Structures are given as structure tokens and as C-alpha cells.
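Here is how the chains run, residue by residue.
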Amino acid sequence: MTPIRPLFLLAFSLFFVSPARALDVSSMESIPVQEGGRKKPFIVFADEALMSLSGKNKFKKEGEKISSTLTVSSLWLTPRGWENQPLILIGNKKFKSQVGLDPATKLFSYRDLAANEPLRAALKDVSALRAKNPKVKLDALQREASTIGMRLAVFEGLVSGRGIMLLPTGAAAWSPLAPEDPALVKIREGFMSGDQATYDAGLELLRGEQSRENPRFQADPSKIAIEVFYQKLHPFRWAWILYLVSGMSLLLLAGGRVGYALAWGFALAGFLMQLAGFVFRILISGRAPVTNMYESVVWVAFGTILFALIFEAIYRSRYFLLGAVPVAVTSLILADTQTVILDRSIHPLVPVLADNFWLTTHVLTITLSYAAFALALGVGHIILGKSIFGSKASPALHNYLYRTLQVGVLLLAVGTILGAVWANYSWGRFWDWDPKETWALIALLGYLFVLHGRIAGKWGGFGLAVGAVLAFQCIIMAWYGVNFVLGVGLHSYGFGAGGFPTAVGFVLSEFAFVIIAILRHRGLKATNSKV
């Protein structure tokens, strides 16, 4: 929704600075809300709403961070004054300049944006394009305008209450509370006055109203409880912290059994924490957790550590954990911090993904191949790093890299074949040179080229490491580039926007790293031949 509507302000609302800030709003956290095609606890709804508005899950006012539950409650129950708060994120500097906004400012108030005529015109143009063709491909500035329109609509839905669906209606769709609803009147009265008893009594009335409807339209209490626990636990954040400690143990206590044992322990603890996070997401959503970029990034981190632990159990080499930890930590930090780009929200499946058998087999296999190649990338960096610092990697380390690449190629080949079967099942054809299909094939052929070059004696372990790093750039294109840069094809359920400068910087730095390693390797070979 992009048109800017006038703010609907309740006559008795107060300004934002409210005694309600002293209230304990934790009892609101588990109230079910219907949004985005599913039922979720209010704490999740509030977190996602604030994230969509500002890119943050807390609102910062006068140096104090206010929780999403309290912030969204205030937007809903005491909206007056919020139209002047800098809450709405605009990230594209070129777009900000185009509509006359300060490019250095990130957050803007609703009032400033509502009064901006160039922005109104941009929103109107995007609406007209979408009305003519709902599937039209927008350029970067048009996508930014569309995103801003969505954020304005979210703000309007919160302050008017129309976007907070709390009441089952005897049908699949829920409805917002009417202004005169007894529960809403009591909740607002308690919130505005800071009266905890009145506030809690209003919530009890609301729970009673929700429970009176047909049970099949109510939220599942067990799922709501699980999601509240998951939301507060942050298992993937704990996982990267534990992985980081594992890597530090390997580096700081190198060569000793104690350091290796600690690294194993912390890596296993992080792995189990990630596993718990996936179990929670599966229980909440009822599906495999790899249907968007956020879930696939977290899954690849999980798979990288999984393969590292398996290989470490076999070879006891340390190198697998050393190669896996930077990949897993970086992936999970990105998933934890880049919330505008990597949406962590749990969404219902689009129809093409509705068959869970193919979702589980094809998508999990493909992304596990990415994990194996990410581990190979880490091991390849170790081999090239040794060359840069003047030492030679052992034949055993080269063999570790070779085995890892074999696993990745096997999984990518199987995953591509399963994808063809799924394509025939979903779209009526096995192959159509869709960008996702094409780049999966390019990546597979690239890694096969690297492995066959080693078998044919065209290059040794060092060349294998160079190939592992360069071929991973094809994975970046198949994984990120098709979804976030090209944005075309039948795999539209995975599309997104953002992160392009970071991705380009990563690819360029990898090429620079390889060039430096090759030059250093040649220099060492020349020196050794003279000796």
C-alpha cells in the first residue's frame, strides 16, 4: 500500500512521553495477533513491525532504548506525537537527494514524509506502474519508493489500530478491536494512566474475547508459547558467540590438547544451539527452515560447522574447524545484524513451495552443498594464507580440501537433479535456463573443472586452493546474485534487495587475495629453485 492517508488520531491520546513507560508490558507479549498470513505473539508482531519501520528492534529516544513491545503499544494506544518522531528508515542516498531529503539522515518522521511532494509523486508513480502490471520489474529508486510506501502504510496501520488484528471473527481472517471494545478501552486506560491492574484486566478481557471464537480459528497456545521463548532466546546469536570462542580457543591455545578440546566443546555447543533454533522454527512454521535468504544463510553456517565436525572426528586435523569458524561466525553475524536485508520473519509458504517433500530434498541439498563449498573456501584460505606468509601447506591439508570439494560437488549435482524434478512437478518442465538453474549449472561445472584439473595433473594442491576460492564466486552469484541483483526468473520467492556493495567488496577482496597468494607462491618457487 503506497498512498499516504491522513493520520487518524484519537482525541483523548496523549503525547509520547507517558507514564505507561513504568508499566510491565510483558503480559502483552504472548497475546496472539494475526499478521502476514499467520498467527504470532504480540512480541514478534511488535519486533517485526518496528523492524520494518526503522530497521531496528528497539526505539532510541534521548539515549534510552525502548523495547519493540512498548514502542508499538504506544504507537497503538497513545499515537499522538508519534508523527513527529524520526522512526521511518530511508536507506537509498540517491533517492533521498531526489526527493529533497538529507542524504546523511537515516530516520525521518511521518509528518516530514507526508508533507514531501516529490515523495508523494514517486509513490503515485510506483502505484500506477503496479496497477498496470503487478509483476513489473522496478529499478532501484522505484523499489525504494515502494518500500517507503510500505513503511508509511505500516505506521498508519499501527497508529489507527487497523493493522493490529487481535480478534478472531469466526472466519480465517481476524479483525482489529473496535474503538469502543471493552478490552481496548481498559487496556488503553491502564496504559495511559500507568495503572498496572487496569492494564492487566484489559488484557484478560481481550484473552476472553479471543477464546470465545471457534477453536479452529484461534491461535495454538503451544505454538505461541514456543515462539515467545524462541524470540527471547536468540539461539543463532548465541551460536555465533560460541563459534567465535571456539575459534579463539584454536588460535590462542594452538598446538595443545586443551585448546583443541575447548574448541570442540564450544563448536559443538554452538552447533546444538543452532539445531535448537531450527527445531523451534520448524515447530512454529511446520516446514523446513530454508525458504528465504535469512534462513539459507543461517542454514549454510549450520552445514559448514556440521561438515567441519564430521571431518574433525575423522581426521583430527584442526584445519576444518579453523576453516569453518570464520564462515559460520560471519554468516550468523550478518543474519543477526543486517535485518533490513535478511528478513528473519517466519512467513507462510508460497504455493510453489507448498510440497514439503521437494522443499526438504532439493533446497536443503543445494544449500548443504553451499555449506561444503564454504568450508572448502575456508580451508582454501588457510592454504593460500600459508603461501602468503612464506610456508608450504602439507599434502594432508591439500587432501582435506579435495575431500571437502568432493562432498560439495556430490551435493550440488544431486540437488540440481532434484531441482529439475521439482521444476517438472511445479512448472511442467525439467529445465528452462532460468537464471537460478543456469548459475547452479555454471557453479557445478566450475567445481568439476577444478577437481578434474587436479586429477589430470594440471595443478596441485595450491591450484586446488585457488580454484576453491574462485569457484565460490559462482556460488555467490547463484545464491545471492540471482536473487538480489538480477531479480528475474521463476524463483521469485527468494528475491530481495540490498547488500550489493558488500557483496562486490567481498568478491573483489577474494580476487585480490588470490592474486597476492599466486604472486607470493611464484616468488617462493623462484627463490627455492635458485637455492
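Trainee: How would you summarise the overall build of the chain if you had to cite specific residues and measurements?
Mentor: Within the chain one finds 18 helices and six strands. Computed over the C-alpha atoms, the radius of gyration of the chain is 26 Å, within 12% of the 24 Å expected from 2.2 N^0.38 for a compact globule of 531 residues. Taken across its 531 residues, the chain has 50% of its residues classed as buried. Within the chain, counting contacts between residues at least 6 apart in sequence, those at least 24 apart form 71% of the total. Accessible surface computed for the chain: about 24,100 Å², of which carbon and sulfur atoms make up 65%. Taken as two groups, the 50 positive and 34 negative side-chain charges of the chain have centres that lie 12 Å from each other.

Trainee: Could you give me a rundown of the pattern of salt bridges, with the residues and numbers involved?
Mentor: One pass over the full model with this rule turns up nine salt bridges. Two residues, Arg38 and Glu227, come together in a salt bridge whose shortest N-O distance is 2.5 Å. Here the residue Arg38 occupies a position in strand β2 (residues 38–41), and Glu227 occupies one in helix α9 (residues 221–233), the gap between them amounting to 189 residues. Classification of Arg38 by relative accessible area gives buried; the value is 13%. In this structure Glu227 comes out as buried when scored by relative accessible area, which is 3%.

Trainee: Which residues make up the packing of aromatic side chains, and what values do they have?
Mentor: Going through the model one piece at a time under the given rule, you end up with 21 aromatic pairs. Ring pairing ties together the aromatic residues Phe236, Phe271, Phe278, Trp299 and Phe302, which thus form one cluster. Stacked on the ring of Tyr402, the Lys or Arg Arg454 has its end atom at 5.7 Å from the ring centre.

Trainee: Before we move on, could you go through the nonpolar core and cite the residues and values that matter?
Mentor: When a protein is soluble and globular, its nonpolar side chains tend to lie buried together. Leu401 and Leu405 are the most contacted members of the largest nonpolar core, which has 90 residues in total. A per-element tally of this core places helix α14 (residues 356–388) first, with 17 residues. Leu23, Phe59, Phe155 and Tyr199 belong to the second-largest nonpolar core, a separate cluster that totals 52 residues.

Trainee: Could you give an account of the confidence of the model for the chain, naming the residues involved and the relevant values?
Mentor: For the chain, the mean per-residue pLDDT works out to 89, and 91% of the residues sit at or above 70. The model gives residues 1–21 a pLDDT under 50, and that stretch makes 61 contacts with residues more than four places away or in other chains.

Trainee: Account for the environment of Leu451, with residues named and values stated.
Mentor: In this structure, Leu451 sits in helix α16 (residues 435–455). By relative accessible area, Leu451 is classed as buried at 8%. Along the sequence, Leu451 and Gln406 sit 45 residues apart, while their C-alpha atoms lie 7.9 Å from each other. In this view, Leu451 contacts Tyr402, Leu405, Gln406, Val409 and Leu464; residues no more than four positions away in its chain are not counted.

Trainee: Please give an account of empty space enclosed by the protein that cites residues and values.
Mentor: Under the criterion given, the structure shown has three cavities of 30 Å³ or more. If you add up the space inside the second largest cavity, you get close to 240 Å³. Lining the second largest cavity are 19 residues, and of these Tyr230, Gln231, Arg281, Tyr294 and Arg344 sit closest to its centre. Sorting the residues of the lining of the second largest cavity by element identifies α1 (42–54), α9, α10 (235–252) and α13 (319–337) as the ones contributing at least two each.

Quick notes on the rules
Counting from 1, residues in each chain are numbered in the order their sequence is written. It should be noted that, the model being predicted, local features are given only for residues of pLDDT at least 70 and side-chain atom pairs only at 80 or more, the latter also being counted only at that level, while totals for whole chains, interfaces and linings use all residues. In computing side-chain values, all of the structure's heavy atoms are included and hydrogens and water are not. Strands are runs of DSSP state E lasting at least 2 residues, helices are runs of H or I lasting at least 4, and numbering of each runs from the N terminus. The size measure is the radius of gyration over C-alpha atoms, and the globule rule it meets is 2.2 Å times the number of residues to the 0.38 power. To sort residues, take the accessible area from a 1.4 Å probe on protein chains only and compare it with the maximum for the residue type: under 20% means buried, over 50% means exposed, and anything in between is partly exposed. Should any heavy atoms of two residues lie within 4.5 Å, those residues are counted as being in contact. With residues, only the protein chains shown are counted as cover, and all accessible areas are computed by Shrake-Rupley using a 1.4 Å probe. Neither His nor the chain termini are counted; the positive set is Lys and Arg, and the negative set is Asp and Glu. Taken as the charge location is NZ of Lys, CZ of Arg, CG of Asp or CD of Glu. Salt bridge, as used here, is a side-chain nitrogen of Lys or Arg placed within 4 Å of a carboxyl oxygen of Asp or Glu. Here the aromatic set is Phe, Tyr and Trp, taking the six-membered ring for Trp, and pairing holds for ring centres within 6.5 Å; pairs whose planes are under 30 degrees apart are stacked, those over 60 apart are edge-to-face, and all others are tilted. Here, over-ring charges are defined by two tests on the NZ atom of lysine or the CZ atom of arginine: distance to the ring centre within 6 Å, and angle to the ring normal within 35 degrees. Nonpolar core, defined: a set of buried Ala, Val, Leu, Ile, Met, Phe, Trp, Tyr and Cys residues in which side-chain atoms within 4.5 Å join the residues together. Values of pLDDT, which run from 0 to 100, indicate the predictor's confidence residue by residue. Note on definitions: the grid is 1 Å and covers protein atoms alone; a cavity is a set of points where a 1.4 Å probe fits but cannot get out; a pocket is an open set with protein on both sides within 12 Å along at least five of seven lines; lining residues have an atom within 4 Å of a point. Grid points are joined across faces, edges and corners, and a volume is the space filled by probe spheres set on the points.

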